Amino acid sequence: MQTDIERKIHPDDGMWQPEQSWYFAVGRSALRLVDLAARTSWLPRIGSILDLPCGHGRISRHLRAGFPDADLYFCDINHAGADFCAETFAGTAIHSKPELTEVALPKVDLIWVGSLFTHVDLDRTRRWLRYLSEHLNPDGMLVATFHGEWSLRMHEMYQMIDPPSWERIVADYRAVGYGYAPYQGGAMGDYGASLSRPETIIAAVRDIPGVRLAGYMERGWADNQDVAMIAREDRETPWTPEFRSRK
């Protein structure tokens, strides 16, 4: 897979820290997961990809390098970031909204969702997973990341939210498998920090018709966030003689 990437950095890219090397390593890790999902699917090739939220291209640049002939769509509530990605990495910008289900999305072969569900409550996670799954082409793949058990350790080193809110998140995580609290002062609107157990995410996927869980990896993205892979294949489809012809 091609890995020569465009290294142009937008001046407002909040993920870019010149003194740290992890920016590009995180992007390479995402591309590895996308490549794995592509190999797991029944699709002969990945012809279209949605990157959501794209930010200013931490992952987008790797997607363009890894899939040079694919149609790429870059979606973010930061419209300038989506526009920058579209111009720099040759694709189409989609301006997102606070409620994702109000955004007109194309149907694509693969959707990468890096660190979106890590900032919303369980209701939105369920609703948005379903909505995104509906925008996969047949046999398409959705790759999404979550804060799992490892984030309890990470918070000790890099505080994600204020201590009282974190205590509430952890308490709900222990009690029901998903914890969430918004950032104080309304920072980033109705977004905050979440923590989820694998079984909670798996249960959410099980509630989506017409898909199956293709895989779940703890600390799969950049040795940090958990990763779920969801295939647009109906889990209820019985075996048929056609099965052998697909292999």
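Structural data are supplied above this passage.
Scoring rules and cut-offs
Residues numbered from 1 in each chain as written. Predicted model: local features only at pLDDT ≥ 70, side-chain atom pairs only at ≥ 80, totals over all residues. Heavy atoms only, no water. Pairing = 2+ DSSP bridges. Helix = DSSP H or I, 4+ residues; strand = E, 2+ residues; numbered from the N terminus. Axes fitted to C-alpha atoms, helices over the stretch in contact; angles between N-to-C directions. Contact = heavy atoms within 4.5 Å. Phe/Tyr/Trp six-rings, centres within 6.5 Å; stacked < 30°, edge-to-face > 60°. Lys NZ or Arg CZ within 6 Å of the ring centre and 35° of its normal. Core = buried A, V, L, I, M, F, W, Y, C linked by side-chain atoms within 4.5 Å. Buried < 20%, exposed > 50% of the residue type's maximum accessible area, 1.4 Å probe, protein only. Disulfide = S-S within 2.5 Å. Arc of directions from axis to C-beta.

Trainee: For this particular structure, what's the right way to read the sheet that holds strand S5 (residues 136-146)?
Mentor: Think of a sheet as strands paired side by side through backbone hydrogen bonds, with each pair either parallel or antiparallel. Strand order in the open sheet made by the 7 strands is S3-S2-S1-S4-S5-S9-S8, with mixed pairing throughout. With one partner strand each, in any of the chains shown, strand S3 (92-95) and strand S8 (212-221) form the two edges of the open sheet. Averaged over all adjacent pairs, the angle separating strand axes in this sheet is 15°, with direction ignored. Pairing geometry for strand S4 (residues 108-113) and S5, over 5 bridges, is parallel. In the strand pairing of S5, Ile111 is matched with Leu142. Contacts from helix H7 (residues 198-206) reach S5, S8 and strand S9 (225-231), with the element oriented near 155° to S8.

Trainee: Could you clarify how one ought to interpret the packing of aromatic side chains in this entry?
Mentor: Geometry of an aromatic ring pair is reported as the spacing of the ring centres plus the angle between the planes. Within this structure, the stated rule accounts for 7 aromatic pairs. Chaining the aromatic ring pairs together yields one cluster made of Trp16, Tyr23 and Phe24. Across the ring face of Phe24, the terminal group of Arg7 is positioned such that the distance to the ring centre comes to 4.4 Å. Lying over the aromatic face of Tyr191, Arg124 brings its terminal NZ or CZ to 5.7 Å of the ring centre.

Trainee: Just to check I follow, could you spell out the nonpolar core for this structure?
Mentor: Looking at soluble globular proteins, one finds that nonpolar side chains tend to be buried together. Judged by nonpolar contacts, the single largest core of 34 residues is most densely connected at Leu50, Leu105, Phe117 and Leu132. Of all the secondary-structure elements, those providing two or more residues to this core are strand S2 (71-76), S4, helix H4 (122-133), S5, strand S6 (178-182), H7 and S9. Ranked by the residues each element gives to this core, the list is headed by H4, at 5 residues. Contact partners of Leu50, with chain neighbours within four places excluded, come to Tyr73, Cys75, Ile94, Leu105, Val108, Leu110, Ile111 and Trp112. Core analysis: the second largest hydrophobic core is formed by 30 residues, Phe67, Phe74, Trp112 and Trp221 among them.

Trainee: Even after reading the chapter, I still don't get the environment of Ala25, so can you show me in this structure?
Mentor: Position of Ala25 relative to the elements: it lies in helix H1 (residues 22-40). Judged by relative accessible area, which is 32%, Ala25 ranks as partly exposed.

Trainee: How should the state of the cysteines be read in this particular structure?
Mentor: By definition, a disulfide is the covalent link that joins the sulfur atoms of two cysteine residues. Scanning the entire structure with this criterion turns up 0 disulfides. With no disulfide of its own, Cys75 has Cys54 as its nearest cysteine by sulfur position, at a separation of 7.0 Å. A residue is classified by how much of its surface remains accessible, and Cys75, at 0% relative accessible area, is buried. Of all cysteine sulfurs in the structure, the one in Cys54 sits closest to Cys85, which takes part in no disulfide; the separation is 4.0 Å.

Trainee: I'm lost on H7 in this one. Help?
Mentor: Every α-helical turn comprises 3.6 residues, leaving residues that sit three or four positions apart pointing alike. What H7 keeps buried is the set Pro198, Thr200, Ile201, Ala204 and Val205. Along the long axis of H7, the arc covered by the buried residues comes to 165°, so they all point the same way.

Trainee: Got a minute to help me understand unusual backbone geometry in this structure?
Mentor: In terms of backbone geometry, most residues other than glycine have negative phi values and most peptide bonds are trans. Along the chain, Leu52 connects to Pro53 via a cis peptide bond; the corresponding omega equals -5°. As for its position among the elements, Pro53 is in the loop between strand S1 (48-51) and helix H2 (60-66). Despite not being glycine, Asp223 shows a phi value in the positive range, around 55°.

Trainee: How should the pairing of S6 be read in this particular structure?
Mentor: It is a general feature of regular strands that their side chains alternate between the two faces of the sheet. When you tally the buried positions in S6, you get 4 out of 5 residues, the bulk of the element. With 5 bridges joining them, S6 and strand S7 (residues 192-196) adopt antiparallel strand pairing. Opposite Gly179, over in S7, you have Leu195 as the bridge partner.

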